[in-house]
Amino acid sequence: MSAAVTVFDVGGTHIRQAWWLPGGELRARTSRPSPSFRRFPRADVAELRAMMVKDLCDAVPKTPGAVAGVSFGAALDHRSGLVYASAPLWGEHSKPYDLRAALTARRHDVDWHIVNDVTAALLHAAAHPGRGAHRKILLATVSSGIACRVIDRRRGLIPVDSSGLQGEIGHLPAHAELAGRPLEATCDCGKPGHLAAYSSGPGIARAAGVLKEREPSRWSHSRLGALTAGGLGFEEALRGALDERDALAGELLDAVAAPVADVLRTALCLDPEIDEAILTGGVVHGLGDHYRRALLTSLARQGLYLTSEHTPDWWERRITVTAPGEADGLVGAGIATRAGVTVAGVSASSGAAA
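Residues numbered from 1 in each chain as written. Predicted model: local features only at pLDDT ≥ 70, side-chain atom pairs only at ≥ 80, totals over all residues. Heavy atoms only, no water.

Participant: How do you make sense of the overall build of the protein when you look at a structure like this?
Facilitator: Looking only at helices and strands, one finds 14 helices and 17 strands in the protein. The principal-axis extent of the C-alpha atoms belonging to the protein is close to 65 × 50 × 35 Å. In the protein, which comprises 354 residues, the proportion classed as buried is 52%. Taking contacts inside the protein between residues at least 6 apart in sequence as the whole, the part at least 24 apart equals 63%. (Helix = DSSP H or I, 4+ residues; strand = E, 2+ residues; numbered from the N terminus. Buried < 20%, exposed > 50% of the residue type's maximum accessible area, 1.4 Å probe, protein only. Contact = heavy atoms within 4.5 Å.)

Below you can see the structure in the form of structure tokens.
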């Protein structure tokens, strides 16, 4: 493959686009809002999907041999590209959708390659030369949704199950507490008590609303309360309050990061060959070191039996928080167009495991 590839990273909030060159460079980056159920609350799922297909197809230049790589924010079958569900894009709707067929029907001149957005981010992160000796790498994204993937670098594969899935942790049952009481919330998929209901971007905002109701006096006297009352957006207000070491903001972050720490603890307990757990996504990038601190605090409070005692720095050496661009779905989408997809999983031997 010698020509540039049109790559997309489709999330619940934005569609990012760029040219991916065979050497891995990205050019002409752009970003625009996604046609999600939050942006178009009156549109049904069929209309939202049609808008998505039109957007992607119209954005690929009409050139001979056009190739497009799509990093798509949805639970999908990596063997076929069949999309099962995308809570951030379509809410609780879960009727399977053949995205590749829809794209091909509209633009049959384009060679379409579709992978999950977390898979794409992992393909990029795993390509870093500093990770060349790792056996397995886990990457989790915390954004408008939550999911993770694990790559076995020795086999060059991201294994999938009989449905072509792996790592949909955002829809695992989870428990969270806030202000001394259990936190109850419903996930965008329509089910209560999922990890994403508490710890995704929208979940954190909902938790803040609960904290405001439960502790109105503390909220009004906190920097978080003052910044939001002053008109600052919630994400910026939370980061600003954490920068100022606001106790209430720290309590909120600890509460919503703890369920994510629980999943990481279980994963690393069950599979000690995972040499690094990488955190990425809008929430992680927005909160940076504050997020890593909250995770490590929770992991230190309830660590791994005996391992934490014998190797106190075990977590420190395995938990990484990325900066923007270090686990980029656009780059991963480009890698996927070269690596291709096998029935056993997504091959990383052509780029991600280099």
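Participant: Any chance you could explain the sheet that holds strand β2 (residues 14-20) here in plain terms?
Facilitator: Strand pairs in the sheet, formed through backbone hydrogen bonds, run parallel or antiparallel to each other. Read from one edge of the open sheet, 5 strands run β3-β2-β1-β4-β8, paired in mixed fashion. Edge positions in the open sheet fall to β3 (26-33) and β8 (111-116), since each of these has one partner strand only. Each strand of the sheet is rotated relative to its neighbour by a mean of 15 degrees, with strand direction disregarded. Relative to strand β4 (residues 67-72), strand β1 (residues 5-10) is paired through 5 bridges, and the arrangement is parallel. The partner of Thr6 across the bridge, within β4, is Ala68. Contacts from helix α3 (residues 99-106) reach β4 and β8, with the element oriented near 155 degrees to β8. (Pairing = 2+ DSSP bridges. Axes fitted to C-alpha atoms, helices over the stretch in contact; angles between N-to-C directions.)

Participant: Is there a simple way to think about the pairing of strand β10 (residues 146-152) in this case?
Facilitator: Remember that side chains alternate between the two faces of the sheet whenever the strand is regular. Most of β10 is tucked away, with 7 of its 7 residues classed as buried. Relative to β10, strand β9 (residues 136-142) runs antiparallel, the two sharing 7 bridges. Each residue of the ladder has a partner; that of Leu139, found in β10, is Arg149. The turn joining β9 and β10, which pair antiparallel and follow one another in sequence, is formed by 3 residues.

Participant: Could you clarify how one ought to interpret the sheet that holds strand β6 (residues 82-85) in this entry?
Facilitator: The strand order across the open sheet formed by 3 strands is β5-β6-β7, and the pairing between neighbours is antiparallel. Of all strands in the sheet, those bounded by a partner on one side alone are β5 (75-76) and β7 (97-98). Bridging between β6 and β7 involves 2 bridges; their strand directions are antiparallel. Along β7, the bridge assignment pairs Leu82 with Asp98.

Participant: I would appreciate a short explanation of the environment of Ile137 in the present structure.
Facilitator: Looking at the element boundaries, Ile137 is found in strand β9. Looking at Ile137, the relative accessible area reads 0%, which means it is buried. Linking Ile137 and Arg154, residues 17 residues apart in sequence, is a C-alpha distance of 11 Å.

Participant: Before we go on, may I ask you to explain the packing of helix α6 (residues 201-214) against helix α10 (residues 247-270) in this structure?
Facilitator: Helix-helix packing: each pair is described by the crossing angle between the helix axes and the interaxial distance. Closest axis-to-axis distance for the α6/α10 pair is 10 Å, and the angle between their directions is 130 degrees. In this view, α6 runs oblique relative to α10, as classed from their interaxial angle. Judged by the twist between their axes, the crossing of α6 over α10 is right-handed. Only Leu248, Glu251, Leu252 and Val256 of α10 make contact with α6, whose side of the interface consists of Ile204, Ala207, Ala208 and Leu211. In the contact of α6 with α10, the residues fall into 7 nonpolar, no polar and 1 charged. (Parallel < 35°, antiparallel > 145°, perpendicular 65-115°, else oblique. Left-handed = near helix turned anticlockwise from the far one by under 90°. Nonpolar A, V, L, I, M, F, W, Y, C, P; charged D, E, K, R; others polar.)

Participant: Sorry if this is basic, but what is going on with the pattern of salt bridges here?
Facilitator: Two side chains with opposite charge may pair up if their charged atoms get near one another. Inspection of every chain in the model, using the stated rule, returns 26 salt bridges. In this structure, a network of salt bridges that share partners links the residues Lys136, Asp152, Arg154, Arg155, Asp271 and Glu273. (Salt bridge = Lys/Arg side-chain N within 4 Å of Asp/Glu carboxyl O.)

Participant: What's the story with the environment of Ile319 in this structure? I'm lost.
Facilitator: Examined against the element boundaries, Ile319 turns out to sit in strand β15 (residues 319-321). A residue is classified by how much of its surface remains accessible, and Ile319, at 2% relative accessible area, is buried. Linking Ile319 and Pro22, residues 297 residues apart in sequence, is a C-alpha distance of 30 Å. Apart from residues no more than four positions distant in its own chain, Ile319 is found in contact with Leu264, Ala277, Leu279, Arg292, Leu295, Leu296 and Leu299.

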